[in-house]
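The lines below spell out each chain.
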Amino acid sequence: MFRVESQRGVRPGITDTLVTNENTGMAPTTPGTNPLLRIEHVTKRFPEVVANNDISIDVMPGEVLCLLGENGAGKTTLADMLYGVIRPDEGHIYFRGQHLDVKSPKEAIHAGIGMVHQHFELVTPMSALENIVIGTKEATWLELDETRIKLEGLCDQYGISIDLDVQVGRLSVGEQQWIEILKALYTGVDLLILDEPTAVLTPQGVDRLFAFLRELKQSGVGIVLITHKLHEVMEISDRVAVLRHGVLVDTVNTTETTSRELARLMVGRDVVLTVEKEPAQPGKPVLELDSVAAEGRALRGAVIDVSLELRKGEILGLAGVSGNGQSALFDTLVGVNPPTNGTISLDGVDITAMRPKDIAAQGLSGVPSDRIRQGLMMDSQIQENLILGKHRSSEFSNLGFLDKKATHDFADEAIEQFEITASSPRQITRVLSGGNLQKVILARELLGGSPKVLVVHQPTRGLDIGASEYVRRRLVAERDRGAAVLLISEDLDELFNVSDRIAVIYEGEIIGTVDPETTAREDVGMLMAGISQSADAAGDDEP
Amino acid sequence: MTNPTPPPSPPDLTDLPNTSLGDPGSSWRIEKRLHVGWKSEVLTLVGATLVAFALSGILIVAAGINVWDAFKALFQGAAGSRRSILETLVQATPLILTGLAAAVAFRARIWNIGGEGQFFAGAMGTWWVANQFGDALTPVIVLPMMVIAAAIAGAAWASIAGFLRAYFGTNEIIVTVMLNFVILFILSWLLGGPWRSPDTYYFQTIKMPEATWLPRFLADSRLHWGFALALLAAVGVYILLWKTSLGFEIRGLGTNEIAARFKGIDVARTIIVVMAISGALAGLAGLTQVGGIHYRLQLDISTGYGFAGIIIALVGRLHPAGVVIAAIGFGALINGATFMQISTGTPSALVEVIQGLVLILVLVGSVVVRYRVRRVGGDD
């Protein structure tokens, strides 16, 4: 079994007694072996929702189990209970044959359970080595050299290439994830939980991760992979546990199922996995960026030199791994981050130095990636969010006073047209689900406005399949209406499905523009990783 | 389903800490609420006040004074007679205005701690206008001029902090607190020299012309038009916050500054406007005390009204109606305390203890009411 020489000594509460349980029917893949992890009838309730309802799952040693489900299905809740972040209300968890009752992640790590969260827990101004040391050591002295030797051994063993001394803030998100994985390996794991690890990776990065996971499971480590991407499930997992609305719908062997079947289990109905659309009828250019540069929000992520042309009636996808300037570019386009160089013109009007509200008045609408932080006032009413930005227009205000009736009528229409699940326009926005929050933003940006340019950043991140489908259909509908749509996304499936052209941004520059019809996903992946190819792919941008 | 049958009991686990994992029968559970209605808010306020009194009672007992006598005196002084009720409203007048001042700013998440300084700015503006024009012009003109002067002076003083925050990102808490000291020193200097009344040794100005005193409602009470002004201001703040586009922006700024900026709200401008409105309200509190009570400037025309306004705004849940109620409550306490001290010898400083306790308990209560206890079944 894989283990760095134990940091822990004796594990509290877990003795290595041999489990003599004959009932292994829960894990048919490896009959005769005792499960590494057994989750029995676990229930977790939150106010208003049962996040996990009577869940029973086994994980065998050396097995990759995928937890598949839409957002809000309860995947992360279940993982958080294994990792001691929260505790179950009912039911029991057994780990290596012993009852597991961890009250904190520290205890879980001690017991041999590691987890890589969606949001990393790294101190960005420190080096990778320092992060791993402070995250794991309890000794007075840090023993950096000793740790370094062990870490280098681990990197060799698993083919991980990470510079241990570089400031974490300067690493890409994918590299940061490797540090989290390394941290888990360093403390020694029998069970590794990864929460949506591929969301921040290029296709090549995903391949590397999966190769590593295959290696890791050879050494008997059990792996729980949380995801909602079906092709990844099919590729890496041995078994799949499908959750829906907190209930375990089914546990199936991967070899005995299909993507379509899994999608049906996950959503509860047959789903359209791709959006139908007609070929684009691009018109004249409406949004032109010429050598635009702008500051980023953090150490990374500045826009260095971006020139783009967005035409009426087309969807231009902007692909790229997170942190390559997409956020800064979005902020610049909507006007909250004025460019330091270059010009931006919208339908012939120079909007380079305009303020957000003037840019909006010129006909550019933006849907930010962080709905909750950048898009909405969560503690305000839905109707207030729907008129935000238009609250001074003659449509909703009169001599400085808000027109309550116009607001209410507009909100009623938005709720109906955009299928927002809300009991009243006066409801507090916070109660809405992620998909409905996004619909509120879309309604605000689209209804009654008919923008010339629609810039959307990660429009389906965190949304379930149904809501994603809705958002993508809306984007295509806007295109067909004659809007120019800039779709900034990290989801290649989405980009290939929706875009008419795909530009790739890498370290703040456009590294290539391709036609999704004639380009392989892997080629875009290469571009996303900064590997610029010969002109044959990049030259395809003129349809 | 390959996972259908309930798994058999796990191997040899004699000491299951299953009580911590939920009782098989049923148990009580604490949950977070999504909504807190106004009824809960009122209950919190009433409950906090009662508990604050109970805790204060312990202090009174510790001081060796009969609790019932003390509280009876407190109540009599606060609301035991027509006269004391009117006097409570007199006390509440500046508190309503400084409370509104803090509430408007806090709604935008601008932390104006300078109500005290803006109060003095307003008082100085009032006195100066009254003194300059009181003899020459008719009160019908001078009184509105005094109101405008007080509002402008308070707004101007607050705008210093607003401007620095909006354009240089300077922390408005530090600036407003410092400006409180600055204006007191300016006033000290004025009272020691240029503005000092020639016929006294005290640090005070001469009285304003009698025609400029805020008219009283009744012959036998000090209750003056300032109280009506305060109530009017409360209505005005309500309309501003919930009926106007500007109020929408103020609340938007307080709810999510980033989203406000993304949607084109001019954050810098809104910060300056909010600070000015807040300062104007605090300045009006200065008007009510100089124009309605003291008629002259002294260093002790405020007993910390600006700071009390912060407490009142928080106890009143940043709502104008809540502010009026809290201000009247605090006015009653101040008023009753004087009578309590005279008749039972209980130190009136105890009232400040009660005020502090009410604030702490309301803040604690406002967190507690967000949760509820619910009975949950074990097996379902």
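Residues numbered from 1 in each chain as written. Chains lettered and ligands numbered in written order. Predicted model: local features only at pLDDT ≥ 70, side-chain atom pairs only at ≥ 80, totals over all residues.

1. Notes on the overall build of chain B
When helices and strands are tallied, chain B shows 13 helices and two strands. Partitioning the intrachain contacts of chain B with sequence separation of at least 6 by distance along the chain shows that 79% fall at a separation of at least 24. (Helix = DSSP H or I, 4+ residues; strand = E, 2+ residues; numbered from the N terminus. Contact = placed C-beta atoms within 7 Å.)

2. A closer look at the nonpolar core
The biggest cluster of nonpolar side chains holds 191 residues, and the ones touching the most others in it are A:Leu487, A:Val504 and B:Leu100. With 14 residues, the top contributor of residues to this core is helix α5 (residues 139-168) of chain B. Residue contacts for A:Val504: discarding those within four places in its chain leaves A:Ala319, A:Gly320, A:Ile510, A:Ile511, A:Gly512, A:Val524, A:Leu527 and A:Met528. (Core = buried A, V, L, I, M, F, W, Y, C linked by C-beta atoms within 7 Å. Buried ≥ 20, exposed ≤ 12 C-beta atoms within 10 Å, placed from the backbone.)

3. Focus: the confidence of the model for chain B
Summarising the model, chain B shows a mean pLDDT of 86, and 88% of its residues fall at 70 or more. With a pTM of 0.77, the predicted complex shows an ipTM of 0.80. (pLDDT = per-residue confidence, 0-100.)

4. Looking at helix α6 (residues 203-218) of chain A
All names here are of chain A. The end-to-end C-alpha distance of α6 is 23 Å, a good match for the 22 Å that 16 residues give at a rise of 1.5 Å each. All of the buried residues in α6 are Gly205, Val206, Leu209, Leu213, Leu216 and Lys217. What you see down the axis of α6 is that its buried residues fit within an arc of 105 degrees, all on one side. More than 90 degrees from the buried face of α6, the exposed residues found are Arg214 and Gln218. For α6, the secondary structure elements touched by its buried residues are β3 (64-69), α5 (173-187), β7 (191-195), β8 (222-227) and α7 (230-236). Just downstream of α6 lies Gly220, where phi reads positive at about 90 degrees. (Expected span 1.5 Å × (residues − 1). Arc of directions from axis to C-beta.)

5. Thoughts on the environment of A:Asn341
Residue and element names in this part refer to chain A. Looking at the secondary structure, you find Asn341 in strand β14 (residues 341-346). Accessibility expressed as a C-beta count within 10 Å gives 13 for Asn341, which makes it partly exposed. For the pair Asn341 and Ser291, spaced 50 residues apart in the sequence, the C-alpha separation amounts to 7.0 Å. The contact partners of Asn341, leaving out residues within four places of it in the chain, are Ser291, Val292 and Ala293.

6. Some points on the packing of helix α4 (residues 144-158) of chain A against α5(A)
All names here are of chain A. Two elements in contact, α4 and α5, have axes separated by 10 Å at closest approach and are oriented at 110 degrees. Taken together, the axis directions place α4 and α5 in an arrangement best described as roughly perpendicular. The hand of the α4/α5 crossing is right-handed. Of α5, the residues touching α4 (which contributes Lys150, Leu151 and Leu154) are Leu182, Leu185 and Tyr186. Looking at the contact of α4 with α5 residue by residue, the class counts come to five nonpolar, no polar and one charged. (Axes fitted to C-alpha atoms, helices over the stretch in contact; angles between N-to-C directions. Parallel < 35°, antiparallel > 145°, perpendicular 65-115°, else oblique. Left-handed = near helix turned anticlockwise from the far one by under 90°. Nonpolar A, V, L, I, M, F, W, Y, C, P; charged D, E, K, R; others polar.)

7. Describing helix α6 (residues 172-192) of chain B
All names here are of chain B. Here α6 spans 30 Å end to end across 21 residues, near enough to the 30 Å set by a 1.5 Å rise per residue. Residues Glu172, Val175, Thr176, Leu179, Ile183 and Leu187 constitute the buried set of α6. For α6, the angular spread of buried residues about the axis comes to 110 degrees, placing them on one side. For α6, the exposed residues set more than 90 degrees away from the buried face come down to Phe181, Phe185, Ser188, Trp189 and Gly192. The inward-facing, buried residues of α6 contact α4 (115-133) and α5.

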